[in-house]
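# Coordinates in review
So you can see what is in the structure, the chains are spelled out below.
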Amino acid sequence: MAQRLIVIGGDAAGMSAASQARRRRDRGDLEIVVFERGHFTSYSACGIPYWISGLVPGPEALIARDPETFRTEYAMDVRMRHEVTAIDLERREVVARDLKGGGEVRERFDDLMYATGAVPVKPSWAITDAGGVFGMQTLDDGAALRDWLDADPQPRRAVVVGGGYIGVEIAEALIQRGLSVTLVEAGEQPMSTVDSDMGELVAEAMRGLGITIRGSLPVSGLEERDGRVSAVVTAEGPIPTDVVVMGLGVRPNTALAEAAGLPLGPTGAIRVDRRMRVPGHPGVWAAGDCVETLHRVSGLPVHVPLGTHANKQGRVAGINIGGGYATFTGVIGTAVTKVCDLEVGRTGLRERDATAAGFEFVSVIAESTNRAGYYPGARPMTVKLIAERPSGRLLGAQIVGWSEAAKRIDSLAVALWNGMTVDDMTQLDLGYAPPYAPVWDPVLIAARKAVDALAALDR
Ligand SMILES: Cc1cc2nc3c(=O)[nH]c(=O)nc-3n(C[C@H](O)[C@H](O)[C@H](O)COP(=O)(O)OP(=O)(O)OC[C@H]3O[C@@H](n4cnc5c(N)ncnc54)[C@H](O)[C@@H]3O)c2cc1C
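Residues numbered from 1 in each chain as written. Predicted model: local features only at pLDDT ≥ 70, side-chain atom pairs only at ≥ 80, totals over all residues. Heavy atoms only, no water.

Under an unreviewed UniProt entry, the protein chain has the name CoA-disulfide reductase and belongs to Micromonospora saelicesensis. You can read under Sequence similarities (unreviewed entry) in the UniProt record for the protein chain the words "Belongs to the class-III pyridine nucleotide-disulfide oxidoreductase family." (UniProt positions renumbered as here; feature names shortened; annotations may be inferred.)

Here, UniProt's "domain: FAD/NAD(P)-binding" (unreviewed entry) annotation points to residues 4-298. Structurally, residues 4-298 comprises 24% helix and 28% strand, and the distance from its first C-alpha atom to its last is 38 Å. (Helix = DSSP H or I, 4+ residues; strand = E, 2+ residues; numbered from the N terminus.)

One pass over the structure, following the stated rule, counts 26 salt bridges. Residue Glu172 is joined to Lys338 by a salt bridge in which the shortest nitrogen-to-oxygen separation is 2.5 Å. Taken together, the positions of Glu172 in helix 5 (residues 165-176) and Lys338 in strand 21 (residues 335-339) put the pair 166 residues apart, joining distant regions of the chain. Residue class for Lys338 comes out partly exposed when judged on its relative accessible area of 26%. Between Arg389 and Glu360 there is a salt bridge, and its shortest N-O distance comes to 3.9 Å. One end of the pair, Arg389, is in the loop between strand 24 (380-388) and strand 25 (394-401); the other, Glu360, is in the loop between helix 9 (351-356) and strand 23 (361-369), with 29 residues separating them in the sequence. (Salt bridge = Lys/Arg side-chain N within 4 Å of Asp/Glu carboxyl O. Buried < 20%, exposed > 50% of the residue type's maximum accessible area, 1.4 Å probe, protein only.)

UniProt's entry tags residues 336-438 with the feature "domain: Pyridine nucleotide-disulphide oxidoreductase dimerisation" (unreviewed entry), counted in the numbering of this structure. Here residues 336-438 runs as 18% helix and 36% strand, with 22 Å between its end C-alpha atoms.

Right, let's get into the site of the ligand. Close to the ligand lie 31 residues; Asp11, Ala13, Glu36, Asp289 and Leu306 are nearest. At 2.9 Å, a backbone N or O of Ala13 approaches an oxygen atom of the ligand. Within the side chain of Tyr43, a nitrogen or oxygen atom sits 2.9 Å from an oxygen atom of the ligand. Coverage of the ligand by the protein chains reaches 90% of its 990 Å² of free accessible surface. At the level of elements, helix 1 (12-24), strand 2 (30-36), strand 4 (82-88), helix 5 and helix 8 (307-321) are the ones that each hand at least two residues to the shell around the ligand. Taken together, the residues that form the shell around the ligand break down as 17 nonpolar, nine polar and five charged. (Near = heavy atom within 4 Å. Polar contact = N/O pair within 3.5 Å; in protein donor to acceptor, adjacent residues only side chain to side chain. Areas by Shrake-Rupley, 256 points an atom, 1.4 Å probe, with all protein chains shown as cover. Nonpolar A, V, L, I, M, F, W, Y, C, P; charged D, E, K, R; others polar.)

This part is about the sheet that holds strand 7 (residues 111-114). Taken together, five strands build an open sheet; the order of strands is 3-2-1-7-18 and the sheet is parallel. Since the sheet does not close on itself, it has two edges, and those belong to strand 3 (77-80) and strand 18 (284-286), each with one partner. Geometrically, the sheet is characterised by an average inter-axis angle of 15° between neighbouring strands, direction not taken into account. Summarising the sheet, strand 1 (residues 3-8) and strand 7 pair through four bridges and their orientation is parallel. What sits directly across from Ile8, in strand 7, is Tyr114. (Pairing = 2+ DSSP bridges. Axes fitted to C-alpha atoms, helices over the stretch in contact; angles between N-to-C directions.)

Along strand 11 (residues 180-184), four of the five residues are buried, which leaves the element largely enclosed by surrounding structure. Between the parallel pair strand 10 (residues 157-161) and strand 11, the chain is carried across by helix 5, and the sense of this crossover is right-handed. Sheet topology note: the strand 11/strand 12 (residues 212-214) ladder contains three bridges and is parallel. If you follow Val184 over to strand 12, its bridge partner there is Arg214. Following the backbone out of strand 11, through helix 6 (residues 196-208) and into the adjacent parallel strand 12, one traces a crossover that is right-handed. (Right-handed = clockwise from strand over helix to strand, strands pointing away.)

Glancing now at the nonpolar core. Ranked by internal contacts, the top residues of the largest apolar core, which has 52 residues, are Ile32, Met76, Ile87, Val94, Met113 and Tyr114. Among the elements that take part in this core, helix 1 stands out by supplying six residues, more than any other. Aside from chain neighbours lying at most four places away, what touches Ile32 is Leu5, Val7, Ala18, Ala21, Arg22, Met76 and Asp77. (Core = buried A, V, L, I, M, F, W, Y, C linked by side-chain atoms within 4.5 Å. Contact = heavy atoms within 4.5 Å.)

Listed below in structure tokens is the structure:
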């Protein structure tokens, strides 16, 4: 009899795992059943802000593979609009509710792939039922916001609550659609994924684009009029608006796992080993936004909900379920984003992470340009490096710049991954021609500056 794999969650992690398992085991050997409570499989949530802005079409363009493709080409039993409501580890069964037709099914498994993703962090205040308030997590959220923006009367003012990268990307999308946009952030400034000196550069650029930033201003509620949101309430008074987008971050979606007794780690996400196995539960696997992983620099468990990790982790789980051998060895926290033309990249530890992890370090900021100063299109670029004292080992890096900045973080990520010191980095053979870099690349300038700073301190 064929073995049976049940997958909970039909997006990045779940479908990567299912596809890899199928590549290694045919349908006579492994039956694959996928439960997905939403309307889509294998979609790019990452593309939603660009669909909102109108830059890319959607939602079809954001779907890598639809359920029918998985059924016909991958021989999977994909059950859409089915929500798994319980996992019975003793009987090796899941219970799923049919959200469209009604009714409940029980299905047995040999292997279980838990890939339920993350859920938005809820505010401490009540969200009203009024129209015009949106989360930003799924394609359905994106579709709902687009409908509201296109409807009559057309909204003119928008408030984005929360200045993480999703809030920042949505603020960009809304300003590009011609709305007047206010971003309200409880912390000092948006983009707390970089240090505050680098975050200030992002905030400054956002203001330059016409986005109003209200920092250190927690929201305490919403006001409505005639069934539509009319203002965001803050300690400094109401901010009138026609639409509110919530971007308070996400937390791992672990409700089912907890109820079933699967182990959670210190971050509140599911614990897994390097092969994406849930410890103590043979045949149970988990991957993506619902799991925690190792930070390779701090050595601490972290929850970093990004698509890049979900796809890799799902692939690793699927190879192992399929009988192969693969491991996911942790992350270093590399991420990129942009606000209109301003690009932001980060990798490794911020100053506060380095302090919390007990490192002694120096940090330097180097100002440079993306191209030779005389070459058309040369624009400023700021590189920040954080290096361990006295070893000089790179601990973290951040880049903010107007062009060709974000993906420059990748060379720093490779250096960090391989434990290079800033001294080693000054020798890096990076490409140079006037259209692409000054003769001393901004990364090399920053490395030299860090070497000097270390020498000055430890002289
Ligand atoms: C607006 C936005 C922009 C982003 N931009 C980027 C980016 O630029 N770069 C990047 O790396 N990452 C980005 N991300 C993050 C990325 O989308 C996620 O990390 C990735 O989708 C996680 O994949 P996952 O499979 O773990 O979870 P998800 O994609 O959340 O998929 C989980 C699936 O499980 C289903 N599910 C949950 N519970 C159940 C249940 N009980 N029964 C059945 N189905 C269930 C859900 O409906 C969902 O489809 C962005 C996210 C958003 C929202």
